[in-house]
Amino acid sequence: MALINTHRDGEEYLTTTADLTDYLDEWKTTGRRDGTGAELAAVRAVRPLLRAVWEADDGSPRAARINALLDGAAWRPYLTSHAEMAEWHLHPNSPEAPVADRLMAECGLAFVDVMRMDEEQRLRICAAQDCTAVLVDFSRNRSKRFCDTGNCGNREHVAAYRARKRA
Ligand SMILES: [Zn+2]
Ligand SMILES: [Zn+2]
């Protein structure tokens, strides 16, 4: 989700290889990193595939886009245990696989879980008028409407308050 939001409202937030390093550090991404322009381009290219899943209609249309994502990903199941997660667990790829491949496979599997748990309604696009960020609604009553990237909830509340005052 955070990866998709590195491109939102027509703005690019993954401009340089340093931006990518910051992003991967922030999300504690382990394994191989090249620090090259090619790697940056490959990671950026994953985003529209993820957004397509978000924007799809529920059910079969979304499943089709998830399958496209799964089909394009590289797979090489890899049993691992590392500092970030000490219990043994399965990664879809070895740590030597390109980071874009690993992100794509991991996101594909995350979407599979969303479908299996019948949680599609939690995949949302920010309700603020000028915002294209995506969000996952983890709230119990599924009431989250605004993203966390741009203070959208506050902005909309202020706008609604002003509109009420005018009326
Ligand atoms: Zn892991
Ligand atoms: Zn927003």
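Residues numbered from 1 in each chain as written. Chains lettered and ligands numbered in written order. Predicted model: local features only at pLDDT ≥ 70, side-chain atom pairs only at ≥ 80, totals over all residues. Heavy atoms only, no water.

A few words now on the coordination of the zinc ion (ligand 1). Only H82 (NE2), H89 (NE2) and H91 (NE2) from the protein coordinate the zinc ion (ligand 1), and they sit 1.9 to 2.0 Å from it. For the zinc ion (ligand 1), all donor residues lie on one chain, and their spacing in sequence is H-x6-H-x1-H. A single burial state applies to H89 and to H91, both of which are buried. (Donors = N, O, S within 2.8 Å, 3.2 Å for Na, K, Ca; no water. Buried < 20%, exposed > 50% of the residue type's maximum accessible area, 1.4 Å probe, protein only.)

Binding of the zinc ion (ligand 2) to the protein goes through C126 (SG), C131 (SG), C147 (SG) and C152 (SG), at separations of 2.3 to 2.4 Å. Each of the four donor atoms around the zinc ion (ligand 2) contributes to a set of angles spanning 107 to 113 degrees, which defines the coordination as tetrahedral. Given a relative accessible area of 6%, C126 falls into the buried group. Classification of C152 as buried rests on a relative accessible area of 1%. (Tetrahedral: all angles 85-135°; square planar, octahedral: opposite > 155°, others 65-115°.)

Okay, the packing of helix α2 (residues 37-55) against helix α4 (residues 99-116) next. Packing of α2 against α4 brings their axes to within 8 Å, and their N-to-C directions diverge by 15 degrees. Looking at the two axes, α2 sits roughly parallel to α4. The way α2 lies across α4 gives a crossing that is right-handed. Contact residues: α2 offers E39, A42, V43, V46, L49, L50, V53 and W54, while α4 offers V99, A100, L103, M104, C107 and F111. (Axes fitted to C-alpha atoms, helices over the stretch in contact; angles between N-to-C directions. Helix = DSSP H or I, 4+ residues; strand = E, 2+ residues; numbered from the N terminus. Parallel < 35°, antiparallel > 145°, perpendicular 65-115°, else oblique. Left-handed = near helix turned anticlockwise from the far one by under 90°. Contact = heavy atoms within 4.5 Å.)

Looking now at unusual backbone geometry. At K28, a residue that is not glycine, the phi angle is positive and equals roughly 50 degrees. Inspection of the secondary structure assignment puts K28 in the loop between α1 (17-26) and α2. The class for K28 is exposed, based on a relative accessible area of 59%. Not every positive phi belongs to a glycine, and D118 is a case in point at roughly 55 degrees. For D118, a relative accessible area of 53% puts it in the exposed group.

With that out of the way, let us pick up the side chain of E120. Tracing the backbone shows E120 in the loop between α4 and β5 (123-125). For E120, the residues in contact, after removing those within four places along its chain, are D57, D58, G59, R62, V114 and M115.

Further remarks concern the packing of aromatic side chains. With the rule as written, the count across this model stands at two aromatic pairs. Centroid distance Y23 to W27: 6.4 Å. Interplanar angle 40 degrees. Geometry classified as tilted. With a relative accessible area of 48%, W27 lands in the partly exposed category. On the numbers, 5.7 Å between centres and 75 degrees between planes, the contact of W54 with F111 is edge-to-face. Of this pair, W54 sits in helix α2 while F111 is found in helix α4, placing the two residues 57 residues apart along the sequence. Under the relative-accessibility criterion, F111 is labelled buried at 7%. Across the ring face of Y13, the terminal group of R8 is positioned such that the distance to the ring centre comes to 4.3 Å. (Phe/Tyr/Trp six-rings, centres within 6.5 Å; stacked < 30°, edge-to-face > 60°. Lys NZ or Arg CZ within 6 Å of the ring centre and 35° of its normal.)

The subject of this paragraph is the side chain of E39. As for its placement among the helices and strands, E39 is situated in helix α2. Comment: no salt bridge for buried E39; closest opposite-charge side chain is R32, at 5.6 Å. Setting aside its immediate chain neighbours within four residues, E39 contacts L20, R32, R33, D34 and V99. (Lys, Arg positive; Asp, Glu negative; His and termini not counted. Salt bridge = Lys/Arg side-chain N within 4 Å of Asp/Glu carboxyl O.)

By themselves these figures say nothing about function.
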